[in-house]
Amino acid sequence: VHARVPFVRLMMAQPNDMTAVALHRVQVDTAMMPTRWRTAALDDYDGRRWEPSLDLREIGGRLAADGPDDIVGTVEFENEGQQLVPLPGAPVTVDAAIQTDPRRTLVRLSERPEAGLTVDFRSRPAPTIASLPSLVVGFRPVDENVSGLTELAETIVADAAPNNVPPPDLLARLRLIESTMRNEFLLDREALGGGLQRGLIVRFLRGDGEDGERRGNAEQFVTSFVLLARSLGVDARVATGFVIDPAAVSEDEGGGLVADITSDHAEVWPEISVGGDWLAFDPVPDTEAADTEDENQEPPQQSPAAPQPPTPPPPESADEPTITDIDESDESDDVLPAAVVVGLRTAAVIGALLVPIVLVIALILGVKWRQRRRRLRGPPAERIRGAWSVATNRLVDAGMSIT
């Protein structure tokens, strides 16, 4: 079965006007409830989004060999639309008809479940640095999607390192990038330009916004961290799933731990290949950035001053001139701007100089018109002489000499 698993926007919390949707009830026989429950891992980024194409195949319930620290529990499906099986770590066994890919990045039920279906599972626990037998970071070639981010990643590491000296250990460098993003970047699920296109990711990392802040949503934080890690030659991917609030965990009748998973718990996080396993990182700030201060906030109240006695008016003097009140608004309405006054004066001067010239030209044209009219009237002999006179005048005006 060839399936496409889209990377959908997973919000940090539901809006206030939306009710959380119940998805799963999970139960484990351990002393502590796992926090992260992964549903899929995405590692194919095309410069626009995470949307890998996976070859899912029918497979039996056994996916790996048992381990001494495996987590055993059950997953109850409370929503018929959910087909992916959430697991706290790498899958070992799933007691159902399932489909999965060769890399075990997800486990999906072969058929849509009915509400109330319960599936037994066994999985590896989520690894930590202390639990990993080897701290060898997985290598990934630097491709064209991340090659331009290497310098930016090294700059972030150098700025966060003591004395601006980057550590040689790759895991230490990734920890510096993680802490920088958590402490200096701003989380805003409604951030402008919150897409996953490479140009928007670069803009987010450089803080090219109007205020210079590096503000983005959770998906941008996770995608940016994965791309920065890949630019350093580290094998990294995006995980989708749920993060359970410890306050939602309770103890069941059999002594195990139980928790309800809702749509409010949907989140994404980055994972790094370390020692053949996948180690989760958390570059997303714990809380969303606060809005700017209210511009309509009232100023602080000041203590009233003590009452003062009235001050007597100064004595009137007979020598002082009488001053009449002037309505400044009326005066300002009648005064023309200085630029308009200068323009009117210039136009008046130019008009005074041009009037004599226009009168002379009109006089010359009038005399010629009267002469031409007189010469063209009268007996034929006079009209011929008049026409000849007009022609010779035009030739003379053109610069020719007539003898």
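These lines cover the structure that appears in this document, whether it is placed above or below.

Calculation criteria
Residues numbered from 1 in each chain as written. Predicted model: local features only at pLDDT ≥ 70, side-chain atom pairs only at ≥ 80, totals over all residues. Heavy atoms only, no water. Pairing = 2+ DSSP bridges. Helix = DSSP H or I, 4+ residues; strand = E, 2+ residues; numbered from the N terminus. Axes fitted to C-alpha atoms, helices over the stretch in contact; angles between N-to-C directions. Salt bridge = Lys/Arg side-chain N within 4 Å of Asp/Glu carboxyl O. Buried < 20%, exposed > 50% of the residue type's maximum accessible area, 1.4 Å probe, protein only. Polar contact = N/O pair within 3.5 Å; in protein donor to acceptor, adjacent residues only side chain to side chain. Contact = heavy atoms within 4.5 Å. Core = buried A, V, L, I, M, F, W, Y, C linked by side-chain atoms within 4.5 Å.

Pairing within the open sheet is antiparallel, and its three strands lie in the order β5-β8-β9. This sheet does not close on itself; its edge strands, each paired only once, are β5 (57-59) and β9 (107-109). Looking at each pair of strands side by side, their axes are set apart by 45° on average, direction ignored. As defined by bridge partners, β5 adjoins strand β8 (residues 98-100) across three bridges and the pair is classed as antiparallel. By the bridge assignment for β8, I59 is matched with I98.

A side chain of one charge can pair with a side chain of the opposite charge if their charged atoms are brought near each other. Under the defined criterion, the tally for this structure stands at 17 salt bridges. As a salt-bridge pair, R48 and D46 come within 3.4 Å of each other at their nearest N and O atoms. The shortest N-O distance in the salt bridge between R175 and E178 comes to 3.0 Å. Of this pair, R175 and E178 both sit in helix α2 (residues 170-184), three residues apart, which is roughly one turn of the helix.

This part is about the pairing of strand β15 (residues 257-262). In terms of burial, β15 is largely enclosed, as five of its six residues are buried. Inspection of the sheet shows strand β14 (residues 249-251) paired to β15 by three bridges, in the antiparallel sense. Residue pairing in the sheet places V249 in a bridge with A259 of β15.

A few words on the pairing of strand β6 (residues 71-77). Summarising burial for β6: five of the seven residues are buried, a large majority. Note that strand β2 (residues 22-28) and β6 share five bridges and pair antiparallel. Its bridge partner being in β6, Q27 is matched across the sheet by T74. With seven bridges joining them, β6 and strand β10 (residues 117-123) adopt antiparallel strand pairing. Opposite F77, over in β10, you have L117 as the bridge partner.

Here we come to the side chain of R237. Assignment of secondary structure puts R237 in strand β13 (residues 236-243). Take R237: its relative accessible area is 4%, and that puts it in the buried class. There is a polar contact of 2.9 Å between the side chain of R237 and the side chain of E271. Apart from residues lying up to four places away in sequence, R237 is in contact with R38, A41, L42, D43, T105, V226, R230, W269, P270, E271 and W278.

Right, let's talk about the nonpolar core for a bit. Counting 46 residues, the largest nonpolar core has W50, I177, L205 and I272 as its most contacted members. Among the elements that line this core, the one with the most residues is helix α4 (residues 218-231), at eight residues. Setting aside residues up to four positions removed in sequence, I272 forms contacts with V137, L174, F225, A229, V234, D235, A236, D277, W278, L279 and F281. By size, the runner-up hydrophobic cluster in this structure holds 23 residues, among which are F77, L87, V119 and A259.

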